[in-house]
Amino acid sequence: MDLTLTWTTDAGPGEWSGSAPVVLGREGDVEITDDQVSRRHARLDAASGTLTLTDLGSANGTFVNDERIESAPLPSGGTVRLGRVVVEITVHADETVFVDAEPPPADETVVVDDDGTVVADSLQVPLPPSAPDLVIAWTNTETDASAQREMTAPVTIGSRDDADLRLADGRVSRRHAVLHVDTEAGGATIRVEDQGSSNGTFHEGQRITSATLGESGTVRLGPYRVEVRLAGVEAKAPEVPPRRPAAPPREDEDVSISLDGPPEPVVIARDFPPALFDEPVVPVEALRADGRPVQEASYVAIGGGLGNFVWVDMLRIGGVPPNDILVLGLEEKPHSRYERLCINSQIPDHERLRSDSGSCPDCIWGW
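In this report, we go over the structure that sits alongside the text. (Residues numbered from 1 in each chain as written. Predicted model: local features only at pLDDT ≥ 70, side-chain atom pairs only at ≥ 80, totals over all residues. Heavy atoms only, no water.)

**A closer look at the packing of aromatic side chains**
Test applied: Classification of ring pairs uses Phe, Tyr and Trp, with its six-membered ring standing for Trp, and accepts pairs whose centres are within 6.5 Å; under 30 degrees between planes counts as stacked, over 60 as edge-to-face, and the remaining range as tilted. The numbering of helices and of strands both runs from the N terminus, where a helix is a DSSP run of H or I of at least 4 residues and a strand a run of E of at least 2. Either the NZ atom of lysine or the CZ atom of arginine qualifies as a charge over a ring when it sits within 6 Å of the ring centre and within 35 degrees of the ring normal.
Taken as a whole and judged by the stated rule, the model has 1 aromatic pair. Ring plane angle 65° and centroid distance 6.2 Å describe the contact between Tyr-299 and Trp-311, whose orientation is recorded as edge-to-face. In this pair, Tyr-299 is assigned in strand S25 (residues 299-303) and Trp-311 in helix H2 (residues 306-317), connecting sequence segments 12 residues apart. Taking NZ or CZ as reference, Arg-81 lies 4.1 Å from the ring centre of Phe-63, over its face. Directly above the aromatic system of Phe-202 lies the positively charged group of Arg-220, at a separation of 4.5 Å from the ring centroid.

Structure follows, in structure tokens:
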């Protein structure tokens, strides 16, 4: 699919012509120089005549119709926004030239004996059936963010930029799973294969290494529910379990409501931390064998305080993507304790603290 992209930044107007797939960003196939555009900001893909725009975990977002998206179809191109940069996408119609010529001959097999005599010819060789595309819909069950794309198998799912379907979450491995379409005489079926992921691929509640889904099915990767079906197969309506009527209370059952205080909090795991944490060095394989979720990250800040905030800010300034950074802490926001100290010292919110100490965050920009 041939495209023309035009945009304008502070550096001036820009234009690019070529074909999808293509990555847009400060260091992408299409170089757009702007401080609100990430190095690899978004990607344009074409499948079955449909253009799709996918955000690659950008800091300032990718927008279609002023709505921030993870992935969205662009049937006829149009206007999108990367950060603050507006990009006009023009899709060029395929030009087909018809020539008055004889049709090509059918595939033939010619059998020749030892002395060169043609024994049989024009034996038709059946062509293998073409594999249909996959319609993939995914939903983040924690944020309810969802998207759908039609793609050609095999489809690699992972958290890296080079994955065919990128799910930006630390619980999704860099190369998590692959979707295949197997074609046989009886028709096409979908097969999913786990690629040795840390937190596993699940189908029908079971962790699997490989599973056949038939013409449609659902798998789970981290917080994502991925529904996949063959193109042309109707999507299944979600099953709603019937509501079971409440049983009447027994005669000896106490149905009174206690107002003595809040209920006892639910304890998720009473055996945490596990005994293996007593060791000075814990192998990654032991963590996975323990059965608890394992989340991968290149940088981890422990504490979640103002020092973590400064360090993470420096990582972001240095170009580290947000999905490669994790912060572990007890506070809701990194400056919560700092804020409480200011309140206790009767320093109002509108006054900005400054100090000659090198530990203060204002010194990052005040050298």
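**Things to note about H2**
Spacing of three or four residues puts side chains on the same side of an α-helix, whose turn is 3.6 residues. Convention followed: Working rule for helices: expected span equals 1.5 Å times residues minus one. Exposed residues in this analysis have more than 50% of their type's maximum accessible area, buried residues have under 20%, and partly exposed residues fall in between, with area computed by a 1.4 Å probe over protein chains only.
Taking 1.5 Å as the rise per residue, H2 with 12 residues should run 16 Å; its terminal C-alpha atoms sit 16 Å apart, in good agreement. Listing the buried residues of H2 in full gives Asn-308, Val-310, Val-312 and Leu-315. Immediately downstream of H2, the backbone of Gly-319 shows phi near 100°, a positive value.

**Looking at a nonpolar patch on the surface**
Which entries qualify depends on this criterion: For patch detection, residues must exceed 30% relative accessible area and be free of salt bridges, and they are connected within 9 Å for like charges or within 5 Å for nonpolar side chains (Val, Leu, Ile, Met, Phe, Trp, Tyr). To be clear on the numbers: accessible area is Shrake-Rupley with a 1.4 Å probe, and residue cover counts the displayed protein chains and nothing else. Criterion for a salt bridge: a side-chain nitrogen of Lys or Arg within 4 Å of a carboxyl oxygen of Asp or Glu.
Taken together, the side chains of Val-300, Ile-302 and Leu-328 define a hydrophobic patch exposed on the protein surface, amounting to about 310 Å² of accessible area. Mapped onto the elements of the fold, Ile-302 is located in strand S25. Take Ile-302: its relative accessible area is 69%, and that puts it in the exposed class.

**Considerations on the sheet that holds strand S18 (residues 177-184)**
Applied cut-off: Strands are labelled as partners when DSSP assigns at least two bridges between them.
Taken in spatial order, the 5 strands of this open sheet run S17-S16-S18-S19-S22, and their pairing is mixed. Single-partner strands in this sheet number two, and they are strand S17 (165-166) and strand S22 (210-214). Summarising the sheet, S18 and strand S19 (residues 187-194) pair through 8 bridges and their orientation is antiparallel. Looking at S19, one finds that Val-181 is bridged to Ile-190.

**Focus: the pairing of strand S3 (residues 22-25)**
Neither face of S3 is left uncovered, since the one carrying Val-22 and Leu-24 and the one carrying Val-23 and Gly-25 both have all their residues buried. Summarising the sheet, S3 and strand S5 (residues 42-47) pair through 3 bridges and their orientation is antiparallel. Among the inter-strand pairings, Leu-24 is bridged to a residue of S5, identified as Ala-42. Relative to strand S4 (residues 30-31), S3 runs parallel, the two sharing 2 bridges. Considered in S4, the bridge of Leu-24 is made with Val-30.

**Some points on the pairing of S5**
The buried fraction of S5 is high, at 5 of 6 residues. Two elements, S5 and strand S6 (residues 50-55), share 6 bridges in a ladder whose sense is antiparallel. Counted as the bridge partner of Arg-43 is Thr-54 from S6. Where S5 folds back onto S6 in an antiparallel hairpin, the turn is made up of 2 residues, including Ser-48, whose phi is positive at roughly 55°.

**Some thoughts on the nonpolar core**
The condition is simple: Buried residues of nine kinds, namely Ala, Val, Leu, Ile, Met, Phe, Trp, Tyr and Cys, make up a nonpolar core once their side-chain atoms join them within 4.5 Å. Working rule for contacts: check all heavy atoms of both residues, and any pair within 4.5 Å makes them a contact.
With 26 residues, the main nonpolar core has Leu-134 and Ile-136 as its most contacted residues. If you list the elements that add at least two residues to this core, you get strand S14 (134-140), strand S15 (146-151), strand S16 (155-158), S18, S19, S22, strand S23 (216-221) and strand S24 (224-230). Ranked by residue count, the leading element in this core is S24, at 4 residues. If we ignore the near neighbours within four places in the chain, the residues touching Ile-136 are Ala-147, Gln-148, Arg-149, Met-151, Val-155, Leu-165, Leu-179, Val-226, Glu-227 and Val-228. In this structure, Val-22, Ala-42, Leu-44 and Leu-82 belong to the second largest nonpolar core, which totals 23 residues.

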